[in-house]
Amino acid sequence: MNLKTNLLETIAGKNRGLIATEVDRANILAIVDRLEDQNPTPKPLEATTLLEGDWRLIYTTSKDILGINRFPLLQLGQVYQCVRPLQQKIYNIAELEGIPFLEGLVLVEASFTPVSDQRVNVFFNRYVIGSQRLMNYRFPKGLVEQMLAGKKFFPVDVGINSKNNNGWLDITYLDEDLRIGRGNEGSVFVLSREKY
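Some details on the overall build of the protein chain
Each helix and strand counted, the protein chain has five helices and nine strands in total. The secondary structure elements of the protein chain, listed N-terminal to C-terminal, are α-α-α-β-α-β-β-β-β-α-β-β-β-β. For a compact globule of 196 residues, the expected C-alpha radius of gyration is about 16 Å, and the protein chain comes in at 16 Å, within 12% of that figure. Projected onto the principal axes, the alpha-carbon positions of the protein chain cover approximately 45 × 35 × 35 Å. Per-residue burial for the protein chain yields a buried fraction of 47% across its 196 residues.

Considerations on a nonpolar patch on the surface
On the surface, Leu73, Ile99 and Leu102 cluster together into a nonpolar patch covering about 320 Å² of accessible area. Tracing the chain through its elements places Ile99 in the loop between β3 (89–98) and β4 (104–114).

Quick word on the pattern of salt bridges
Following the criterion strictly, the structure yields 11 salt bridges and no others. With a shortest N-O distance of 2.7 Å, Glu22 and Arg25 are connected by a salt bridge. Taken together, the residues Glu22 and Arg25, both in helix α2 (residues 22–36) and three residues apart, mark about one turn of the helix. A network of salt bridges, in which partner residues are shared, links Lys4, Asp175 and Asp177.

The rules behind each value
Residues numbered from 1 in each chain as written. Predicted model: local features only at pLDDT ≥ 70, side-chain atom pairs only at ≥ 80, totals over all residues. Heavy atoms only, no water. Helix = DSSP H or I, 4+ residues; strand = E, 2+ residues; numbered from the N terminus. Rg over C-alpha atoms; globule rule 2.2 N^0.38 Å. Buried < 20%, exposed > 50% of the residue type's maximum accessible area, 1.4 Å probe, protein only. Patch = residues over 30% accessible without salt bridge, like charges linked within 9 Å, V, L, I, M, F, W, Y side chains within 5 Å. Areas by Shrake-Rupley, 256 points an atom, 1.4 Å probe, with all protein chains shown as cover. Salt bridge = Lys/Arg side-chain N within 4 Å of Asp/Glu carboxyl O.

Shown next as structure tokens:
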């Protein structure tokens, strides 16, 4: 079995890390380390056609993302990271599920600046919270197109002072349908490409 298949099978059933045990996390990180050593794209920031797209989170160790699941009456749905290299933008989208007709959405827009072949500095610019229905949300690509066009959303759409809210992200593995990243807080992100 190749490492990529092994990783995907080990992640399966862990609900993006929400129900991973310490043993699960250790096994997953060991496979991630070995897969990163075989990265087919050593300069991912130069591979803009591979990097661009809407990526669905399939595993993370990020406490910020996994902590969204602690809201009363709401559960974390799908989580996406939409990368637009030409605009140097990243859109993090978390779907919130729970009470019928009150499904929510949390979106954070960030800009990024490459600082090496695989690292970008990330600057968070905008924070949006709203109802999937009121925002006419169907899929990430449509929402990102509206954001790029400058549309404002109700009820919460605010700018963020990026001087106090920034970080970095290393892209440590990238192929046609899998991306692995590591963030400045030690978090690991495993994402699969969305195909519409």
